[in-house]
Amino acid sequence: MVEIRYGDSYEVAALSGNTVGAARKLFRSEMGIPDKATVKLNGKKISKSQESETIIADTDTITFAQPRGKMALLVGAVLTALMVTGGIFAYGYTTSSVTMGVSAAGADFAAITANTTSVPSWAPPGLFKGTTGTGSLFTVDTDTSGYTGDLVVTVSIANADSLVNAYRVLNMFLEMRDSDGNLVDINGDTVNDTKDYALLTLNNGSVDLFITQTAADTYSINLKSGFYNAHAWGSGGWAGSENPILYAEVAQR
């Protein structure tokens with residue numbers, strides 16, 4: 001094994017047969033070895049030109065060291081000059097401030113609201129498998145602000161702790177459409193197709209819907225479809241636990 005040292009850092013590696021230059025490249029980032037560091041092989045200094053030709057053998061020790069800078073000598077020379085001349089240096093500074101012209105644009109970059117036009121509704125009997133149907137959920141508006149950047153909308157189930165009392169399985173497929181009714185590519189694959197949906201479930205209670213904008217628009221997030229498997233009703237029932245509550249927030253991407 002070969003020992004690699006730099007300052008207080010120490011490593012042991014199987015580098016036999018490699019060059020000193022290869023060792024420098026291998027440990028440059030890990031040990032923070034600067035490009036100008038000098039190198040010694042078993043205590044003997046190796047020049048920069050020799051690093052790519054010098055082969056490492058087992059039990060060798062490679063030591064990197066920060067070269068002595070010229071700044072210390074320069075500072076010493078300046079101090080010596082001050083002592084000789086006895087010069088006195090006066091210095092001063094001024095302070096100032098500037099106020100930048102930043103003003104509120106007057107609106108958020110985007111707004112998201114609940115869309116109650118056709119909120120999904122279903123009535124699950126106990127111990128029953130059924131579908132959720134379709135409907136509207138949220139509206140995302142960038143028209144008002146004129147924002148044309150990319151967005152990400154995060155939709156989450158806010159009351160999963162209640163839903164598990166009513167459902168063994170609850171899967172909801174979310175889609176997004178623009179103001180013209182076109183399906184939006186929310187998966188970021190740049191292809192608009194029937195796969196552009198996100199699956200929100202009791203096991204995966206939060207999904208991200210990505211919007212790549214070329215112009216400001218108004219988008220609708222809808223329940224494309226879904227299905228459920230309800231628990232047995234039981235003596236106490238589970239009324240009040242069956243209604244999903246969804247939470248959505250929009251952010252810049």
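The rules we used
- Throughout, a residue's number is its position along its own chain's written sequence, starting from 1.
- Reporting of local features is limited, given that this is a predicted model, to residues whose pLDDT is at least 70; pairs of side-chain atoms are given and counted only at 80 or more, and all residues count toward the totals for whole chains, interfaces and linings.
- Each side-chain value is worked out from all heavy atoms of the structure, with water and hydrogens disregarded.
- Helix and strand definitions here come from DSSP, where helices need a minimum of 4 consecutive H or I residues and strands a minimum of 2 consecutive E residues; each element is numbered from the N-terminal end.
- Throughout this description, buried means an accessible area under 20% of the type-specific maximum (1.4 Å probe, protein chains only), exposed means over 50%, and partly exposed covers the range between.
- Whether two residues are in contact is decided by their heavy atoms, any of which lying within 4.5 Å being enough.
- For the accessible areas, the method is Shrake-Rupley and the probe is 1.4 Å, while residue cover comes only from the protein chains on display.
- Only strands joined by at least two bridges in the DSSP assignment are considered to pair.
- Here an angle of 0 to 180 degrees is reported between the N-to-C directions of two axes, which are lines fitted to C-alpha atoms, with helices fitted over the stretch in contact.
- We define a salt bridge as a side-chain nitrogen of Lys or Arg found within 4 Å of a carboxyl oxygen belonging to Asp or Glu.
- This arc is built from the directions going out from the helix axis to the C-beta atoms.
- Every patch collects residues that have over 30% relative accessible area and no salt bridge, joining them within 9 Å if they carry like charges and within 5 Å if they are nonpolar side chains (Val, Leu, Ile, Met, Phe, Trp, Tyr).
- For every residue, the pLDDT score states the predictor's confidence, bounded by 0 at the bottom and 100 at the top.

Looking now at the overall build of the chain. Secondary structure assignment for the chain yields three helices and 14 strands. By the burial criterion, 34% of the 253 residues in the chain qualify as buried. Pairs at least 24 apart in sequence give 73% of the contacts found in the chain among residues at least 6 apart. By element, 54% of the accessible surface of the chain is carried by carbon and sulfur atoms, the whole surface being about 15900 Å².

The next thing to look at is the sheet that holds strand E12 (residues 206–211). In a beta sheet, neighbouring strands are held together by backbone hydrogen bonds and run either parallel or antiparallel to one another. One open sheet accounts for three strands, arranged E12-E9-E14; its pairing is antiparallel. Here the strands that pair on one side only, and so sit at the sheet edges, are E12 and strand E14 (246–252). Averaged over all adjacent pairs, the angle separating strand axes in this sheet is 20 degrees, with direction ignored. Pairing between strand E9 (residues 151–157) and E12: six bridges, direction antiparallel. Note that in E12 the partner of Val-155 across the bridge is Val-207.

Applying the stated criterion to the full structure yields four salt bridges. Residues Arg-5 and Glu-3 are paired through a salt bridge, measuring 3.5 Å at the closest nitrogen-oxygen approach. Judged by its relative accessible area of 35%, Arg-5 falls in the partly exposed class. The partner of Asp-35 in a salt bridge is Arg-28, and the shortest N-O contact between them spans 3.1 Å.

Let us now look at helix H1 (residues 20–31). The complete set of buried residues in H1 reads Val-20, Gly-21, Ala-23, Arg-24, Phe-27 and Met-31. Seen end-on, H1 carries its buried residues on one side only, within an arc spanning 140 degrees. Across H1 from its buried face, at more than 90 degrees, point the exposed residues Lys-25 and Ser-29. Within two residues after H1, Gly-32 carries a phi angle of roughly 70 degrees, on the positive side.

Before going further, it helps to spend a moment on the sheet that holds strand E5 (residues 61–65). The five strands lie next to each other as E2-E1-E5-E3-E4, forming an open sheet whose pairing is mixed. Each having just a single partner strand, strand E2 (9–13) and strand E4 (44–46) make up the two edges of the open sheet. Along the sheet, successive strands turn relative to each other by an average axial angle of 25 degrees, direction set aside. Lying over the sheet, H1 contacts strand E1 (2–6), E2, strand E3 (38–41) and E5, oriented at roughly 130 degrees with respect to E2.

In this section: a nonpolar patch on the surface. On the surface, Met-1, Tyr-10 and Val-12 cluster together into a nonpolar patch covering about 280 Å² of accessible area. When you line up the elements, Met-1 lands in the segment before E1.

In the predicted model, the chain carries a mean pLDDT of 86, and 89% of its residues have values of at least 70. For the chain, helix H2 (residues 71–85) is the element with the lowest average pLDDT, namely 48, and strand E8 (residues 135–141) is the one with the highest, namely 97. A low-confidence stretch, residues 70–79 (pLDDT under 50), is modelled with zero contacts involving residues beyond four sequence positions or located in other chains.

So, on to the environment of Ala-158. Residue position: Ala-158 is located in the loop between E9 and helix H3 (160–166). With residues near it in sequence (within four places) discarded, Ala-158 still touches Ile-245 and Tyr-247.

Our focus in this paragraph is the side chain of Glu-51. If you trace the backbone, Glu-51 turns up in the loop between E4 and E5. In contact with Glu-51, other than residues within four places in its own chain, are Thr-19, Val-20, Gly-21, Arg-24, Val-39 and Ile-46.

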